[in-house]
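Residue-level listing of the chains:
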Amino acid sequence: MVIFQMNKLCKLMSIAHKVFVMRHAYTPSLPELQAFVQAARTGTATRAGAALGLTQSAISRALTSLEARLGVALFHRIRQRLVLSDAGRALLPEAERLLADLDRAALTVMSFGGHRDVLRLAVLPTFSAIWLIPRLAGFAKRAPEVTFDMTATLTALDFERDPRDVAIIRAQTPLNGAPLRGALVDVLAVERLVVVAAPAILSDGGQLEDADLAKLPLLQQATRPNLWLDWFLNAGLDPITILRGARFEQFGMVLAAARAGLGLALVPEVFAAPDIAAGTLRLASTRVMTTDTPYVLTYPERSLEIAAFQLFRDWILAGDERFHE
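Definitions and cut-offs
- Residues numbered from 1 in each chain as written.
- Predicted model: local features only at pLDDT ≥ 70, side-chain atom pairs only at ≥ 80, totals over all residues.
- Heavy atoms only, no water.
- Helix = DSSP H or I, 4+ residues; strand = E, 2+ residues; numbered from the N terminus.
- Buried < 20%, exposed > 50% of the residue type's maximum accessible area, 1.4 Å probe, protein only.
- Areas by Shrake-Rupley, 256 points an atom, 1.4 Å probe, with all protein chains shown as cover.
- Pairing = 2+ DSSP bridges.
- Axes fitted to C-alpha atoms, helices over the stretch in contact; angles between N-to-C directions.
- Contact = heavy atoms within 4.5 Å.
- Core = buried A, V, L, I, M, F, W, Y, C linked by side-chain atoms within 4.5 Å.
- Phe/Tyr/Trp six-rings, centres within 6.5 Å; stacked < 30°, edge-to-face > 60°.
- Lys NZ or Arg CZ within 6 Å of the ring centre and 35° of its normal.
- Patch = residues over 30% accessible without salt bridge, like charges linked within 9 Å, V, L, I, M, F, W, Y side chains within 5 Å.
- Salt bridge = Lys/Arg side-chain N within 4 Å of Asp/Glu carboxyl O.
- pLDDT = per-residue confidence, 0-100.

Here we come to the overall build of the chain. Within the chain, the secondary structure is distributed over eleven helices and 13 strands. Across the 325 residues that make up the chain, the buried fraction comes to 39%. As displayed, the chain has an accessible area near 18,200 Å², and 58% of this comes from carbon and sulfur atoms.

Let's shift gears to unusual backbone geometry. Here the phi dihedral of Arg 79 falls at roughly 50 degrees; this positive angle occurs in a residue that is not glycine. Tracing the backbone shows Arg 79 in the loop between β1 (75–78) and β2 (81–84). The backbone of Gln 80 shows a phi angle near 65 degrees, a positive value even though the residue is not glycine. Within the secondary structure layout, Gln 80 lies in the loop between β1 and β2.

Within the open sheet, the five strands sit side by side as β4-β3-β5-β13-β6. Their pairing is mixed. What marks the edges here is a single partner per strand, and that holds for β4 (146–152) and β6 (184–189). Here the strands of the sheet are splayed against their neighbours by 25 degrees on average, with no regard to which way each runs. Running at roughly 165 degrees to strand β13 (residues 295–299), helix α11 (residues 307–316) makes contact with β3 (117–123), β4, β5 (166–170), β6 and β13 of the sheet.

Moving on, we get to the nonpolar core. Generally speaking, soluble globular proteins have nonpolar side chains that are buried together. Core analysis: the biggest nonpolar cluster contains 55 residues, and Phe 127, Leu 132, Ile 168, Leu 297 and Phe 312 have the highest contact counts within it. No other element matches the six residues that helix α6 (residues 125–142) contributes to this core. Those residues within four positions of Ile 168 in sequence are excluded, and the remaining contacts are Ala 122, Val 123, Leu 124, Phe 127, Leu 132, Leu 188, Val 296, Leu 297, Phe 312 and Ile 316. In this structure, Leu 33, Val 37, Ala 39 and Ala 95 belong to the second largest nonpolar core, which totals 18 residues.

Moving on to the packing of aromatic side chains. One pair of aromatic rings is described through two measures. These are the centre distance and the angle between the planes. Tallying each qualifying case throughout the model produces 13 aromatic pairs. An angle of 50 degrees between the planes, with centres 4.7 Å apart, marks the rings of Tyr 299 and Phe 309 as tilted. Highlighted residues: Tyr 299 in strand β13 and Phe 309 in helix α11, separated in sequence by ten residues. Of the two residues, Tyr 299 and Phe 309, neither departs from the other in class, the shared state being buried. An aromatic cluster is built from Phe 127, Trp 131, Phe 139, Phe 148, Phe 251, Phe 271, Tyr 295, Phe 312 and Trp 315, whose rings are joined through pairwise contacts. Of note, Arg 287 hangs over the ring of Trp 231, and the distance from its end group to the ring centre comes to 3.9 Å.

We now examine a nonpolar patch on the surface. Taken together, the side chains of Tyr 26, Leu 70 and Val 72 make up a nonpolar region of the molecular surface, amounting to roughly 260 Å² of accessible area. Its location among the elements puts Val 72 in the loop between α4 (56–70) and β1. Val 72 sits in the partly exposed class, given a relative accessible area of 36%.

Summing up the model confidence of the chain, the mean pLDDT is 83 and the portion of residues at 70 or higher is 82%. Every residue in residues 15–23 is under pLDDT 50, and counting partners more than four places away or in other chains gives zero contacts.

The final tally for this structure, using the stated rule, is 16 salt bridges. Its salt-bridge partner being Arg 120, residue Asp 165 comes within 3.2 Å of it at the nearest N-O pair. Here Asp 165, found in the loop between β4 and β5, pairs with Arg 120, found in strand β3; they are 45 residues apart in sequence, far enough to count as distant. It is possible to trace a salt-bridge network through shared partners that takes in Glu 94, Arg 97 and Asp 101.

This is the structure we're talking about:
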């Protein structure tokens, strides 16, 4: 009975292997794709070989192998020239994209050389540019073995599908540690909004009442279009005229427009702080509005086992005063 079951298992494994091989028999190899793309670009096997450091015969064999694998002619051979067929034209952009993606992946991995740990981090774009990146030199002194693979995000990540280790976002989440989309959450700081303007707009150097703010151009943030509405409703004023003013996609653009004197900016205090300290922007109102979406650190449970993440988490949670420097 045991021998019968073992034989049956072996047959099933053999069938599964054959199915796997059959399914992948049509998948081009890397040398075939490289030969195809270069032949399409140069028009001859000789020139394609020169570009790849191969012989003309090696390119011809790769092209023949690829056409046999796919069961279609990728080129028309016309007077020693290789001219793409309809099938070849359909394949070329996808082949170029695959090779480009592979090059980018290789360069990304190469950039980690010399570092023991790589922390894959997604951050709000303006937060990273204005607050986080300028402070990373300080973190690097504490953890020189850690480097970053940093990307931008505006929304929470699904760490079940996303390979990144941690994200810094704004999130409407309870302060009791409840998970966010299956991720663990540490609250970094509440979001405090302030109104700032170029010194030339506030010519007398004083700050304005809300009724006076409403008479000036109000710079709009495209991804958060209700900010000025909430500000004036909070002040008990009719917000009917608040949507006039240039519109920008990110807070970094809004701040640049404010520095240029295009209008008033309603921005997170943490983003405005460097300009206020430098004197390029001034507070246009004494009022501060706190939102219900604090800045949070979100991460999957698996990240707790990563030494680089532990170092980064300890550093960034060192104190809320970091966000008001």
